[in-house]
Amino acid sequence: MSPPIIDDVIGFKGEWFDERPQIIKHYVVKYFSKTHEVEMQDLKAHRTFLKRSKLPESILPGDFQLDNQVLIYGRLIKLTEYADPLTKSRLGPSTEKTLVFMKPSAYKNFGNILAKLEASNYSFMSVKTVGLFGNEALSVGDMLGVTADSLTDGLGVSCCLLVRGSTNGAADLLAEFGQGVVCNRNEKVVDYFFANKAATTATLDNCTLCLIKSHSVKAKNTGMILNSILEQGYEVSAIESYTLDRAIAEEFFGLYKGTVADYGHHIDELISGPVVAIEIRAEDAVNTFRKSAGPYDIEMAKELFPASIRARFGEDNVRNGVHCTDLETDGKSECSYFFDVLHED
């Protein structure tokens, strides 16, 4: 998700919630970028918890950034602080949040806009659709310096990104999209969209769920996948990013236990980084989109349906690009889980 770390060693303080005793354990996590290895120290016990060990390829150098979660040998570690002044001085000041707000007039270009940002020096943090009306549209219009009328004729998308180092600026990068895109670096404006709960835009009817998996988000394929969905004529009625813990991932994916191979690896994939939930609407939405997503088996998808989402963005049968609702009766319930149950938490 982020540019490669140029330093040999960076350190973070991290925490892991141990479900059995229901306690939070604290560690110092050291990442060795040149050898792609990690070492962990138990802060309470003052001892080495994990000797310097090789990380799997599914963990990327850019996963080691503040407030991110990294799955290290079965433990989902949240990186809460820089562990030393050197790491803070090198990673902290050069990181800046940017809000990119896509107006309803840019609806058809949502995917293209995200893809362009992902292809640049920006790292994805959060994204969600918003519906603005009345006084809220007036307030947001004032914050963004646009008219309220330009915000009320459909769905907008707010996207929070991190940029490290030099950049031409999101506004310059997205100039081709004209007044359909507004960029703002004011932290209060960013917090307005992502620190406060807003009503979901999900309809929960004639719908199916597409869940862009963590590996696809890390590979900066979110925009291209969204663009593929829109280009096929589907209605995208809600988008929201989440970072799942193991309990939530198992609650959501539990109905597939016993029916999919490598169930545990699927859970690990869901919690290894941000995921993006998309409510898709169409006639016979579940069956229609399942065909667009392609077969679960990646080799089959690549051979028989090379234009499908899984064929294009999947890596193996666990990291297969996206999850999509399998059973026709589950479209509403899977969308409801993300856009109702989790949205209210």
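Worth saying up front: this structure is predicted, and the values here are computed from it rather than measured.

What counts, and where the lines are drawn
- Residues numbered from 1 in each chain as written.
- Predicted model: local features only at pLDDT ≥ 70, side-chain atom pairs only at ≥ 80, totals over all residues.
- Heavy atoms only, no water.
- Helix = DSSP H or I, 4+ residues; strand = E, 2+ residues; numbered from the N terminus.
- Rg over C-alpha atoms; globule rule 2.2 N^0.38 Å.
- Buried < 20%, exposed > 50% of the residue type's maximum accessible area, 1.4 Å probe, protein only.
- Contact = heavy atoms within 4.5 Å.
- Areas by Shrake-Rupley, 256 points an atom, 1.4 Å probe, with all protein chains shown as cover.
- Lys, Arg positive; Asp, Glu negative; His and termini not counted.
- Charge placed at Lys NZ, Arg CZ, Asp CG, Glu CD.
- Pairing = 2+ DSSP bridges.
- Phe/Tyr/Trp six-rings, centres within 6.5 Å; stacked < 30°, edge-to-face > 60°.
- pLDDT = per-residue confidence, 0-100.
- Axes fitted to C-alpha atoms, helices over the stretch in contact; angles between N-to-C directions.
- Parallel < 35°, antiparallel > 145°, perpendicular 65-115°, else oblique.
- Left-handed = near helix turned anticlockwise from the far one by under 90°.
- Nonpolar A, V, L, I, M, F, W, Y, C, P; charged D, E, K, R; others polar.

## With respect to the overall build of the protein
So, step 1. The helix and strand inventory of the protein stands at 13 helices and 14 strands.
So, step 2. Over its C-alpha atoms the protein spans a radius of gyration of 20 Å, differing by no more than 12% from the 20 Å that the globule rule assigns to 345 residues.
So, step 3. Dimensions along the principal axes, computed over C-alpha positions, put the protein at roughly 60 × 50 × 40 Å.
So, step 4. Looking at the 345 residues of the protein, the share that counts as buried comes to 51%.
So, step 5. For the protein, restricting intrachain contacts to residue pairs at least 6 apart in sequence, the fraction spanning at least 24 positions comes to 72%.
So, step 6. For the protein, the accessible area works out to roughly 16,100 Å², and carbon and sulfur atoms hold 50% of it.
So, step 7. Here the protein contributes 36 positively and 48 negatively charged side chains, and the mean placements of these two sets differ by 7 Å.

## Looking at the pairing of strand β4 (residues 47-54)
Here is the key point about a regular strand: its side chains alternate between the two faces of the sheet.
So, step 1. Judged from the five bridges that link them, strand β3 (residues 37-42) and β4 form a sheet pairing that is antiparallel. Residue pairing for β4: M40 is matched across the bridge by L50.
So, step 2. Taking the residues that link successive antiparallel strands as the turn, the β3-β4 hairpin has four residues, and the phi of H46 there is positive, at about 55 degrees.

## With respect to the packing of aromatic side chains
So, step 1. Evaluated as defined, the whole model comprises 13 aromatic pairs.
So, step 2. Ring geometry for Y31 against F64: centres 4.2 Å apart, planes inclined by 10 degrees, an arrangement best described as stacked. Taken together, the residues span a long stretch of sequence, with Y31 in strand β2 (residues 23-32) and F64 in the loop between β4 and β5 (69-72) at a distance of 33 residues. Each member of the pair Y31 and F64 is classed as buried.
So, step 3. With centroids separated by 5.7 Å and ring planes inclined at 80 degrees, the aromatic side chains of Y337 and F338 adopt a geometry described as edge-to-face.

## Some thoughts on the confidence of the model for the protein
In regions of low pLDDT, the predicted coordinates are not meant to be interpreted in detail.
So, step 1. Of the residues in the protein, 95% have a pLDDT of 70 or more, and the chain-wide mean is 90.
So, step 2. By mean pLDDT, the top-scoring element of the protein is strand β11 (residues 207-212) (98), and the lowest-scoring one is strand β9 (residues 156-164) (85).

## As for the packing of helix α3 (residues 134-144) against helix α5 (residues 187-194)
So, step 1. Here α3 crosses α5 at 150 degrees, and the two axes come no closer than 11 Å. Considered as vectors, α3 and α5 are oriented roughly antiparallel to each other. Regarding α3 and α5, the two cross each other, and that crossing is left-handed. Every residue of α5 that contacts α3 at E136, V140, M143 and L144 is listed here: V189, Y192 and F193.
So, step 2. Tallied by class, the residues present in the contact of α3 with α5 amount to six nonpolar, no polar and one charged.

## Quick look at the packing of helix α2 (residues 110-118) against helix α7 (residues 222-231)
So, step 1. Packing of α2 against α7 leaves a shortest axis separation of 7 Å and a crossing angle of 165 degrees. Here α7 runs roughly antiparallel to α2, going by the angle between their axes. The handedness of the crossing between α2 and α7 comes out as left-handed. On α7, the residues that touch F110, G111, N112, L114, A115 and E118 of α2 are T222, G223, M224, L226, N227 and L230.
So, step 2. Its residues placed into classes, the contact of α2 with α7 shows six nonpolar, five polar and one charged.

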